[in-house]
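Residues per chain, in single letters:
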Amino acid sequence: MKSCIIYCRVSTNKKSQQSSLTRQQEELTRLSKAKEFTITKIITEEASGYSIEREGLLEVLDLLSSQKAEVLCVQDDTRLGRGNAKVALLHQLFKLNVPIYTVKDEGILELSETDNMLMDILSMVEEHQRKLHNLKIKRGMKQAIENGFKPEKNLSDLQQGGRKKKKAPIDEIVRLRKLELTFRDIAATLRGFGYDVSKATVHRRYKEHIESLKNSE
């Protein structure tokens, strides 16, 4: 038996909208029982569908991403959101492989042709961004080696128990930054060379370096 989250939303706290919340909850409870879902939690809120800054919605995403529930039940796709907010949320839920059931469709949500096209476009863009990110890291590693950087030397920089020292070669950080790599890409490149560094560490080291140059002028 699958577990589900019931999400109900209205845009205002008017009395008529409050009755809509009650109706949504009742209809979704019936849908869940008909589909033999176990209701993990019922979340209701009053918020604009054009915003993604909604406490109830964020709780829904947390519960689903942590796999505390498997299915999301809403009255229809407009309860998730409207405009760009709806598209972004649908894309996120699809990435999590979360089935969306609606009262309107009496089952799994049936996307419009436009929404289906947008989901395909977003998936393609995300895939190309991932490939571009990996290519930038590969390029940075290749150029570092060509310029004489020897990653094997870092193998000797191990602490007791095999844990790597959290240090970063500032010369490489500066050089990769000049190649217009982001701090995230630089951190990923250095980790590929064996340095246990985060984006925050790289950014801090670079900032310290720039400040030291300014102070020496």
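About the cut-offs
- Residues numbered from 1 in each chain as written.
- Predicted model: local features only at pLDDT ≥ 70, side-chain atom pairs only at ≥ 80, totals over all residues.
- Heavy atoms only, no water.
- Patch = residues over 30% accessible without salt bridge, like charges linked within 9 Å, V, L, I, M, F, W, Y side chains within 5 Å.
- Areas by Shrake-Rupley, 256 points an atom, 1.4 Å probe, with all protein chains shown as cover.
- Salt bridge = Lys/Arg side-chain N within 4 Å of Asp/Glu carboxyl O.
- Helix = DSSP H or I, 4+ residues; strand = E, 2+ residues; numbered from the N terminus.
- Buried < 20%, exposed > 50% of the residue type's maximum accessible area, 1.4 Å probe, protein only.
- Phe/Tyr/Trp six-rings, centres within 6.5 Å; stacked < 30°, edge-to-face > 60°.
- Lys NZ or Arg CZ within 6 Å of the ring centre and 35° of its normal.
- Pairing = 2+ DSSP bridges.
- Contact = heavy atoms within 4.5 Å.
- Axes fitted to C-alpha atoms, helices over the stretch in contact; angles between N-to-C directions.
- Expected span 1.5 Å × (residues − 1).
- Core = buried A, V, L, I, M, F, W, Y, C linked by side-chain atoms within 4.5 Å.

Turning to a nonpolar patch on the surface, a few remarks are in order. A contiguous nonpolar surface patch, about 300 Å² in accessible area, is contributed by Met117, Ile121 and Met124. With respect to the helices and strands, the residue isoleucine 121 is situated in helix α5 (residues 113-146). Overall, the relative accessible area of 38% leaves isoleucine 121 in the partly exposed class.

Turning next to the packing of aromatic side chains. One pass over the structure, following the stated rule, counts two aromatic pairs. Where phenylalanine 37 meets tyrosine 101, the ring centres are 5.0 Å apart and the plane angle is 85°; that geometry is what we call edge-to-face. Taken together, the residues span a long stretch of sequence, with phenylalanine 37 in the loop between α1 (15-34) and β2 (38-46) and tyrosine 101 in strand β4 (residues 100-102) at a distance of 64 residues. The pair phenylalanine 37 / tyrosine 101 is uniform in exposure class, with both members buried. The side chain of arginine 177 reaches across the aromatic face of phenylalanine 183, ending 4.2 Å from its centre. Positioned above the aromatic ring of tyrosine 206 is the side chain of arginine 177, whose terminal nitrogen or guanidinium carbon lies 5.9 Å from the ring centre.

Before going further, it helps to spend a moment on the sheet that holds strand β5 (residues 107-108). Across the sheet, which stays open at both edges, the five strands sit in the order β2-β1-β3-β4-β5 with mixed pairing between neighbours. The sheet is open, and its two edges are formed by β2 and β5, each paired on a single side. Relative to β4, strand β3 (residues 71-74) runs parallel, the two sharing three bridges. Paired with cysteine 73 across the two strands is tyrosine 101, which belongs to β4. Across the face of the sheet, α1 comes into contact with β1 (3-10), β2, β3 and β4 while running at roughly 160° to β1.

Taking 1.5 Å of rise per residue, 13 residues should cover 18 Å, and helix α4 (residues 83-95) covers 19 Å from first to last C-alpha, within 8% of that figure. Those residues of α4 that sit buried are Ala85, Lys86, Val87, Leu89, Leu90, His91 and Leu93. Just downstream of α4 lies asparagine 97, where phi reads positive at about 60°.

With that out of the way, let us pick up the nonpolar core. Ranked by size, the top nonpolar core spans 21 residues in total, and within it Ile5, Leu64, Leu72 and Leu93 carry the most contacts. Of all elements in the fold, only β1, α2 (55-65), β3 and α4 reach the threshold of two or more residues within this core. Residues within four places of isoleucine 5 in sequence aside, it is in contact with Thr40, Lys41, Ile43, Val60, Leu63, Leu64, Ala69, Val71, Leu72 and Cys73. Grouped together as the second largest cluster of nonpolar side chains are 14 residues, Ile170, Val174, Tyr195 and Val197 included.

Tallying each qualifying case throughout the model produces three salt bridges. Salt-bridge contacts for aspartate 77 lead to lysine 86; the nearest nitrogen and oxygen are separated by 3.3 Å. Since its relative accessible area comes to 14%, lysine 86 is described here as buried. For glutamate 172, the salt bridge is made with arginine 175, and the minimal N-O distance between the two is 3.2 Å. A residue pair is termed a helical-turn pair when its members lie 3 or 4 positions apart in one helix, as glutamate 172 and arginine 175 do in helix α6 (residues 170-178) at three residues.

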